[in-house]
Amino acid sequence: AHAALPAPTDADWARVEKGDVVTRAAPELDPPGAYAWVEIEASPETIWAVLIDPAEAVKASGSVSSCETYLDEETATGRRIGLHYVLEVAFTEVSYHVLRDFRPSEAIMTWTLDPAKPNDLVHTSGTYTLQPGRTPGHLLLSYQSKVDSGRNIPQWVSNLLTGRALKGYIGHVRTVSEAR
């Protein structure tokens, strides 16, 4: 069982229902991270298809130079997906591998760093969940991440993974999902 993500506050909901992508820093998490929420007018299958498509991660962000699947296997609850990300920002390359535990019947996908692979991050983990939104015909996509970039990686890399880039990525997921 996975810990439930915190629900949006009333103020967050007001913005979500207006169509905003709402993100919030989560300094209380260990390591620190971020939350995001957006309502999407699409089926769960469509939204998950966008979330697990490595090409969309590249299209959504100018800083993701590549994202490739190195593992995709069926599990009793869904799929285990390994993705190798390479970020390139300001002449710094950051490479890391995540393992995703995708459980569509439970409306959840979690991820952690793959400890068997080389990673420039010390820690990254997180969760996506889908549940009914407040707007008829919409689903609420909730996101939580935790990132420790380590001493050798500038703080702006962590900020990128949890701040403006996150809002851009979640917005991209909505746009593509609603267009499919």
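Data block above holds the structure.
Residues numbered from 1 in each chain as written. Predicted model: local features only at pLDDT ≥ 70, side-chain atom pairs only at ≥ 80, totals over all residues. Heavy atoms only, no water.

Caption draft 1: Up close: the overall build of the protein. Counting secondary structure elements, the protein contains five helices and eight strands. In the protein, the succession of helices and strands from N to C terminus is α-β-β-α-α-β-β-β-β-β-β-α-α. In terms of overall size, the protein behaves like a compact globule, its C-alpha atoms giving a radius of gyration of 16 Å where 180 residues would be expected to give roughly 16 Å. Relative to its 180 residues, the protein shows a buried fraction of 49%. Across the protein, the fraction of contacts at a sequence separation of at least 24, relative to all contacts at a separation of at least 6, is 50%. Total accessible area computed for the protein in this model is approximately 8900 Å², and 51% of it derives from carbon and sulfur atoms. Separation between the mean location of the 16 positive side-chain charges and that of the 23 negative ones in the protein comes to 3 Å. (Helix = DSSP H or I, 4+ residues; strand = E, 2+ residues; numbered from the N terminus. Rg over C-alpha atoms; globule rule 2.2 N^0.38 Å. Buried < 20%, exposed > 50% of the residue type's maximum accessible area, 1.4 Å probe, protein only. Contact = heavy atoms within 4.5 Å. Areas by Shrake-Rupley, 256 points an atom, 1.4 Å probe, with all protein chains shown as cover. Lys, Arg positive; Asp, Glu negative; His and termini not counted. Charge placed at Lys NZ, Arg CZ, Asp CG, Glu CD.)

Caption draft 2: Geometry of the nonpolar core. Judged by nonpolar contacts, the single largest core of 37 residues is most densely connected at Leu 51, Tyr 128, Leu 141 and Ile 170. In terms of residue count, the dominant contributor to this core is helix H5 (residues 164–179) (five residues). If near-sequence neighbours (up to four positions away) are discounted, Leu 51 is found in contact with Arg 100, Met 109, Tyr 128, Leu 141, Tyr 169 and Val 173. (Core = buried A, V, L, I, M, F, W, Y, C linked by side-chain atoms within 4.5 Å.)

Caption draft 3: Summary view of the packing of aromatic side chains. All chains considered together, the criterion is met by six aromatic pairs. Considering the side-chain rings of Trp 111 and Tyr 128, the 5.4 Å spacing of their centres and the 40° angle between planes classify their relative orientation as tilted. Residue Trp 111 is located in strand S6 (residues 108–113), and its partner Tyr 128 is located in strand S7 (residues 123–132); the two are separated by 17 residues in the primary sequence. The class for Trp 111 is buried, based on a relative accessible area of 9%. Here Tyr 128 falls in the buried class, since its relative accessible area comes to 3%. The rings of Trp 111, Tyr 128 and Tyr 143 are connected pair by pair, giving a single aromatic cluster. (Phe/Tyr/Trp six-rings, centres within 6.5 Å; stacked < 30°, edge-to-face > 60°.)

Caption draft 4: Layout of helix H1 (residues 10–17). Residues Asp 12, Trp 13 and Val 16 constitute the buried set of H1. Down the axis of H1, the sector holding all buried residues measures 100°, keeping them to one side. The outward face of H1, more than 90 degrees from its buried face, is lined by the exposed residues Asp 10 and Ala 11. Turning to H1, the residues buried within the fold contact strand S1 (22–26), strand S2 (33–40) and strand S8 (139–148). Immediately beyond the C-terminal end of H1, within one or two residues, lies Gly 19, with a positive phi of roughly 100°. (Arc of directions from axis to C-beta.)

Caption draft 5: Here's a closer look at the sheet that holds S1. Ordered by their spatial adjacency, eight strands build an open sheet running S1-S2-S8-S7-S6-S5-S4-S3, and the pairing between neighbours is antiparallel. Every other strand in the sheet has two partners, leaving S1 and strand S3 (64–74) as the edge strands with one partner each. Mean inter-strand twist for the sheet, computed between neighbouring axes without regard to direction, equals 15°. Across 10 bridges, S7 lies against S8 in antiparallel orientation. Within S8, the position partnered with Ser 125 by the bridge is Lys 146. (Pairing = 2+ DSSP bridges. Axes fitted to C-alpha atoms, helices over the stretch in contact; angles between N-to-C directions.)

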